[in-house]
Amino acid sequence: MGLKLKNVLPMFVFLLLASTAKAQSAALDVTSEKYGGKPDSDITQALEKAWTDACASTAPSKIVVPKGTFKFVGTTFKGPCKAAIEFQLQGTLQAPVDGSQLPKDDTWIGFDNVDGLTLSGGGTFDGQGAQSWKNNDCNKNRQCKSKHINLRFHLLTNSKILDVTSKDSKNFHVNLLKCEKVEFNGFTVSAPKESMNTDGIHIGRSTGINITATTIGTGDDCISIGDGTKDLTVTNVTCGPGHGIAIGSLGRYPEEEPVSGINIKKCTLTDTTNGVRIKTWPASPKDSTASDIHFEDITMVNVGNPILIDQEYCPWNECKKGVPSKVKISNVSFKNIKGTCTDPVAVKLACSPGLPCENVELSDIDLKYTGDKGPITSVCSNVKPTITRVAQPLACATSAAAPASA
Ligand SMILES: *[C@@H]1O[C@H](CO)[C@@H](O)[C@H](O)[C@H]1NC(C)=O
Ligand SMILES: *[C@@H]1O[C@H](CO)[C@@H](O)[C@H](O)[C@H]1NC(C)=O
Ligand SMILES: *[C@@H]1O[C@H](CO)[C@@H](O)[C@H](O)[C@H]1NC(C)=O
């Protein structure tokens, strides 16, 4: 028995209407009459209002900040929201130059407790941090006043940060805490070499984060990986200038959680002070672990210390040196790492005398020293790595305990 056309047609029309209704969930343009945002003026209230509407919408919605420059004093966009939200930044949002004008002490723009956020549009979050870097004494003063992070993601899940740029943040550019399943793809960080404390992406206590096709030039770590990070994949990331890709620092505070499942692949570092490193503090208050960490297919161009495990990380002499780190490092590999370095110590594995590193592998390491402070070399302590296809000077040439570098 065949279906009659008059029965099928209404069904077809209904489906057609339903699908167009979904596709058309109208964009919430902050410059529309409803929100009233204007170029070159402060759109904080317009954007907050658009967020409130988007967050209440039961259908997926899209916020649009069109091309142009807009001032934004800062806010935290809070969830939970009823459906996915795309935040399309086509123009530039500018933070106040004077940090005291921002409503929060440590954040310019926050996203808190949001599921299914997409940040897109090709625009720029401009933290206008040049003034703050000059006043930053956090390299010597531990009680220094905290500065504003451009983008703070807290409890963000199933989300994507796409082709947007974070520029000249006053502090870290991006900080993820307690996030799950977040992808960065086509993201850019841009700040000068002299900008202090401006880590590109910092990840802590987060699981299932992917960072790919991302370019990070800044004054501090390109990507820094804090305690409690699990299942992180970094591929096709370009770093420089800055301090390279770092796990840590770990082992400074009592409540730290283990780090595991870190894969850093196919990255290029240019003119960075370090390449790939794991750093832990001596005299850790508690036992912890960092394991299953793999660096593969990394190109170094004029990098200070390309390969580094430093378990005597103690900047500004703020720790009890000589008391071993209690962070156990195991199952770490450095494979196919090539290029040039500007410090003769190209490989340094300074593991904890209290908890030697275990299962460390070095293979296919090919680095050339471009300076004139003697021959290229490597220094290893409290570790017996498995070494495959590594030239003698890079294969733990010296096994004496070496002084730590900052
Ligand atoms: C991250 O990448 C892995 C494979 O490399 C994939 O299985 C996973 O779904 C990705 N996660 C996100 C959040 O994109
Ligand atoms: C790597 O990232 C760059 C952008 O930084 C992109 O243009 C390129 O297509 C990516 N390559 C692959 C293989 O994904
Ligand atoms: C290290 O790897 C070995 C073998 O691959 C595995 O049995 C062990 O559980 C791993 N240890 C950690 C702490 O990941």
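Everything numeric here is computed off the predicted structure, so don't read it as measured data.

In the vicinity of ligand 1, the residues found are K181, V182, E183, G208 and N210. Taking N210, its side chain carries an N or O atom lying 2.3 Å from an oxygen atom of ligand 1. Surface burial for ligand 1 is 39%, taken as the share of its 370 Å² of free accessible area covered by protein chains. Of all elements in the fold, only strand 13 (180-185) and strand 16 (207-217) reach the threshold of two or more residues within the shell around ligand 1. Of the residues forming the shell around ligand 1, the biggest block, three residues, is contributed by strand 13.

Right, let's get into the layout of surface pockets. Approximately 250 Å³ is the volume attributed to the second largest pocket. Around the second largest pocket, the lining comprises 15 residues; the ones closest to its centre are G99, S100, K145, K147 and H148. Grouping the amino acids of the lining of the second largest pocket by side-chain chemistry returns two nonpolar, seven polar and six charged.

Turning next to the UniProt feature "active site" (unreviewed entry) in the protein chain. Mapped onto the present numbering, the UniProt feature "active site" (unreviewed entry) falls on H243. You can see H243 is positioned in the loop between strand 18 (230-239) and strand 19 (245-250). For H243, the contacting residues outside a window of four places in its chain are G219, D220, D221, T272, T273, N274 and R277. A polar side-chain atom of H243 sits 3.2 Å from the main-chain carbonyl oxygen of G219.

We now examine the site of ligand 3. Contacts to ligand 3 come from S291, S330 and N331. Its free accessible area being 360 Å², ligand 3 has 28% of it covered by the protein chains.

Definitions and limits used
Residues numbered from 1 in each chain as written. Chains lettered and ligands numbered in written order. Predicted model: local features only at pLDDT ≥ 70, side-chain atom pairs only at ≥ 80, totals over all residues. Heavy atoms only, no water. Near = heavy atom within 4 Å. Polar contact = N/O pair within 3.5 Å; in protein donor to acceptor, adjacent residues only side chain to side chain. Areas by Shrake-Rupley, 256 points an atom, 1.4 Å probe, with all protein chains shown as cover. Helix = DSSP H or I, 4+ residues; strand = E, 2+ residues; numbered from the N terminus. 1 Å grid on protein atoms, 1.4 Å probe; cavity = no way out; pocket = protein on both sides within 12 Å on 5 of 7 lines; lining within 4 Å. Points joined across faces, edges and corners; volume = space filled by probe spheres on them. Nonpolar A, V, L, I, M, F, W, Y, C, P; charged D, E, K, R; others polar. UniProt positions renumbered as here; feature names shortened; annotations may be inferred. Contact = heavy atoms within 4.5 Å.

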